[in-house]
Each structure stands twice: as structure tokens, then as C-alpha cells.
Amino acid sequence: MRKLVLAVLAMLAFTRTVSAETWPAHPITIVVPFAAGGPSDAMARILGEHMKQSLGEVLLIENVTGAGGSIGVGRAVRAAPDGYTVSFGHLGTHVANGAIYKLGYDLVTDLEPVVLLPSNPMIIVSKNAVPAKSLKELLAWLKSRPEPPTAGTAGAGSGSHIAGLYFENVSGIKLQYVPYRGTGPALNDLVAGQIDIIVDQTSNSINQVRGGNIRAYAVTDSKRVPNAPEVPTVDEAGLPGFHMTLWSGLWVPKGTPKEIVAKLNAAAVAAMADPAVQKQLENLGLQMPPKDQLTPEALGAWQKAEIAKWWPMIKAANVKVD
Ligand code: MLT
């Protein structure tokens, strides 16, 4: 019996080695936990297009939405650990969701970190009908509303929702959250004047700001975004210290062979080093991660540090999810 067990284990080890050596042998799926047309979807598609060159297989984007991104992350967590399902996520899905939902999976122990991706500050934007020309005027207008003003989000625990909670804390203004399946659809409603504001990823709103279809008031950083120099920082505009960086990353299911993680990491790092990809992402206000933060271990350490940083504020908000 013992010989049989050892033989089976040896076969399994051999199979995993062979699969890692021949990986990828068919297209890879990147699960984006928000709707098409939003910032997560955009970044995944830009990077995936270049990663195809390194990996020799197409990277298919699968938008699996709902519950602040936790439905999509769950889909990736439960996939086979064979390198063919990759979880795209960020501060909201791979940090905040753990403080809000009973997830049925552990964001740290059920996933393997692959690589930290570009980041951007949030940007405070409103519908054009708001009669405010500065952040101070916007705050006064929001405070003057008879009902809590509406803020679009990508659902409880999303980056735009966490940014809204943080905004409420620093401004003292209560918001009424309007959840969407991503901030792509939320932005459409802001342009249409259906909601009042979004504290959005800069990369999502910046083109509508440039087009004059929404108003921008400040970015949540201590320095202006190079490709949006006309938008002041929160320090300049009147909410000093309201700093928030929305970073993204890639993960795979726990148990994915290290060789496959390394190949995925190398392909993503090559994409972020490509000048044309950098130009596309920086034009959206995104910044590449520091070169010394590009290992899987660096993402793992960063995610744990961000959990320690954000969970107290999120839990104190006592967010109710049905
Ligand atoms: C978020 O608010 O979490 C994201 O911006 C949503 C998205 O990428 O659509």
C-alpha cells in the first residue's frame, strides 16, 4: 500500500512539473471582478494584450461582477491551481472586501500573489450641474443638500466605496451610496447627471474631465498627476491629508506551481516595462510600481500591510451588506 501511495505522489509531482514546463498550452483567463468599460477592465486589457506576446497564448478577460468584486475573486479562488485562471484585483477586492463580507475564502491564504500593478490616486468628480468651481464650493454645496448627496460606487468594499467612506470621515458629509457593477457604469450615470459625485480612480474619470463632461476638484495625493496637471491636490484644494492610492495586482489560486507564477510575473513585468504600454497607462494617470516592488513576495507583503492599514477604518464604518 505504501509503495502505491508513493507511486501516486511521484506521478502527481511529475504531472505538475510537466504541466509547469508546458504551460501555457491554451488561452489564460483573467477574471476582472467589475464591469467592462471601467478602470480595472481597462488596465487588465492593456496589460493582457502585451502579456500575450510573452506567453504565446491569448489572455481572455472575463468580467465576473457583484458584491464589490468579491463574486469575481471567489470565482478565481475556486479555479484549478493550473495557471489558467488569474485574479485581477486591487485595494478594494483584495483588502477591503475581507473587512466587510463573509467571503467564504481567505484573501491571503487562498491566493498566491503574482505581481503589483500600476496605481493611481482617486479623483473627486461631480456631475456638471453642480454649481461649484472649487473643492471648497463643492463641499459647501454637498452640505447644503436637503438629503445626503448621491455617490456612485462599484459596490460595498470597492475602491470607490472605500474612498467614499474616507471622504465622509474627512469632510463630515454623509453620502448616499449608489452601487453599480463597476465604475464604468457609474461614470455613465455621472455624465448623465443621475448621481452627484464619485470619488473615482483617476484613470476612470480623467477622459470625461478632459472632455468637459464632468467636473474635477482634486486628486487624493500630495502631488498633482503629471497627465492631469490642471487638477489640484487635496492638500491645495481644502481637504489636506485625504491621501489614497488605488493600487492593483494579479493573484492566482493557492497551490499554483511556482514556475507558472514566475512566468506570469515576468510577462506582466515586461508589459509594464514596454514604453507604449507605459504611455497608455500614464496618460490615464496611472503610475508604474517601483522596480523593487515587482516580485510576488512584494505584492504579498504589500497586501498584508494594506490590510493592517485599512481594516480598522472600514470596520469602524460598520458597513451593512445583505
Ligand atoms: C472600484 O471602484 O473598485 C473600481 O474602480 C471599479 C472598477 O474597476 O470598475
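What counts, and where the lines are drawn
- Residues numbered from 1 in each chain as written.
- Predicted model: local features only at pLDDT ≥ 70, side-chain atom pairs only at ≥ 80, totals over all residues.
- Heavy atoms only, no water.
- Patch = residues over 30% accessible without salt bridge, like charges linked within 9 Å, V, L, I, M, F, W, Y side chains within 5 Å.
- Areas by Shrake-Rupley, 256 points an atom, 1.4 Å probe, with all protein chains shown as cover.
- Salt bridge = Lys/Arg side-chain N within 4 Å of Asp/Glu carboxyl O.
- Helix = DSSP H or I, 4+ residues; strand = E, 2+ residues; numbered from the N terminus.
- Buried < 20%, exposed > 50% of the residue type's maximum accessible area, 1.4 Å probe, protein only.
- Domains from an automatic or database assignment.
- Contact = heavy atoms within 4.5 Å.
- Buried area = accessible area lost by both parts, 1.4 Å probe.
- Polar contact = N/O pair within 3.5 Å; in protein donor to acceptor, adjacent residues only side chain to side chain.
- Nonpolar A, V, L, I, M, F, W, Y, C, P; charged D, E, K, R; others polar.
- Axes fitted to C-alpha atoms, helices over the stretch in contact; angles between N-to-C directions.
- Parallel < 35°, antiparallel > 145°, perpendicular 65-115°, else oblique.
- Left-handed = near helix turned anticlockwise from the far one by under 90°.
- Near = heavy atom within 4 Å.
- Arc of directions from axis to C-beta.

J.: Break down a nonpolar patch on the surface for me, citing the residues and quoting the values.
T.: Taken together, Met 1, Leu 4, Val 5, Leu 6, Val 8 and Leu 9 make up a surface patch of nonpolar side chains, about 610 Å² in accessible area. Of note, Leu 4 is situated in helix α1 (residues 2-22). On the accessibility criterion, Leu 4 (53% relative accessible area) is exposed.

J.: Which residues make up the domain arrangement of the protein chain, and what values do they have?
T.: Under the domain assignment, the protein chain is made up of domain 1 (25-118 + 246-316) and domain 2 (120-237). Facing 27 residues of domain 1, the contacting portion of domain 2 comprises 29 residues. Each partner contributes to the roughly 2,100 Å² buried at the junction of domain 1 and domain 2, and carbon and sulfur atoms together form 59% of this total. Sorting the residues of domain 1 by area buried against domain 2 places Pro 39, Leu 246 and Leu 284 first, and these three jointly supply 27% of that buried surface. At the junction of domain 1 and domain 2, the tally comes to 0 salt bridges. Counting across the domain 1 and domain 2 interface gives 7 residue pairs in polar contact (both at pLDDT 80 or more). Taken together, the residues of the side of domain 1 that touches domain 2 break down into 13 nonpolar, 13 polar and 1 charged.

J.: Would you mind going over the packing of helix α4 (residues 92-100) against helix α12 (residues 296-316) in detail, with residue names and values included?
T.: Following both chains from N to C, one finds α4 and α12 inclined at 40 degrees, their axes separated by 9 Å at the closest point. Accordingly, the angle class assigned to the pair α4 and α12 is oblique. Handedness of the α4/α12 crossing: right-handed. Taken together, the residues of α12 that come into contact with α4 (itself represented by His 94, Val 95, Ala 96, Gly 98, Ala 99 and Ile 100) are Gln 303, Glu 306, Ile 307, Trp 310, Trp 311, Ile 314 and Lys 315. A breakdown of the residues in the contact of α4 with α12 according to their chemical character gives 8 nonpolar, 3 polar and 2 charged.

J.: Pulling in residues and values, what's your account of the site of the ligand?
T.: Around the ligand, the neighbouring residues are Phe 34, Pro 39, Ser 40, His 90, Ala 154, Ser 158, Gly 159, Ser 160, Gly 182, Thr 183 and Gln 201. In the environment of the ligand, an oxygen atom lies 2.7 Å from a nitrogen or oxygen atom belonging to the backbone of Gly 159. A distance of 2.9 Å separates an oxygen atom of the ligand from a polar atom in the side chain of Thr 183. In isolation the ligand has 270 Å² of accessible area, and contact with the protein removes 100% of it. Every element with two or more residues in the shell around the ligand is listed here: α2 (39-55) and α6 (159-171). Residues lining the shell around the ligand come from more than one domain, with at least three contributed by each of domain 1 (25-118 + 246-316) and domain 2 (120-237).

J.: Quick one: what's the story with helix α5 (residues 135-144), residue by residue and with numbers?
T.: Buried residues of α5: Leu 135, Leu 138, Leu 139, Trp 141 and Leu 142, and no others. Looking straight down α5, one finds that the buried residues subtend no more than 165 degrees of arc, so they occupy a single side. Seen from the open side of α5, the exposed residues pointing more than 90 degrees away from its buried face are Lys 136 and Lys 143. For α5, the secondary structure elements touched by its buried residues are β4 (111-127), α6, β7 (197-201), β8 (214-219) and α9 (234-237).

J.: Can you explain the pattern of salt bridges? Please cite residues and give values.
T.: Here the structure, examined in full by the defined rule, presents 9 salt bridges. With a closest N to O distance of 2.9 Å, Lys 127 and Asp 196 form a salt bridge. Here Lys 127 is found in strand β4, whereas its partner Asp 196 is found in the loop between α7 (183-191) and β7, with 69 residues between them in sequence. Across the pair, exposure class does not vary: Lys 127 and Asp 196 are buried alike. Between Glu 168 and Lys 174 there is a salt bridge; the shortest N-O distance is 3.3 Å. Take Glu 168: its relative accessible area is 12%, and that puts it in the buried class. Put simply, Glu 112, Lys 254 and Lys 258 are held in one network by salt bridges that share partners.

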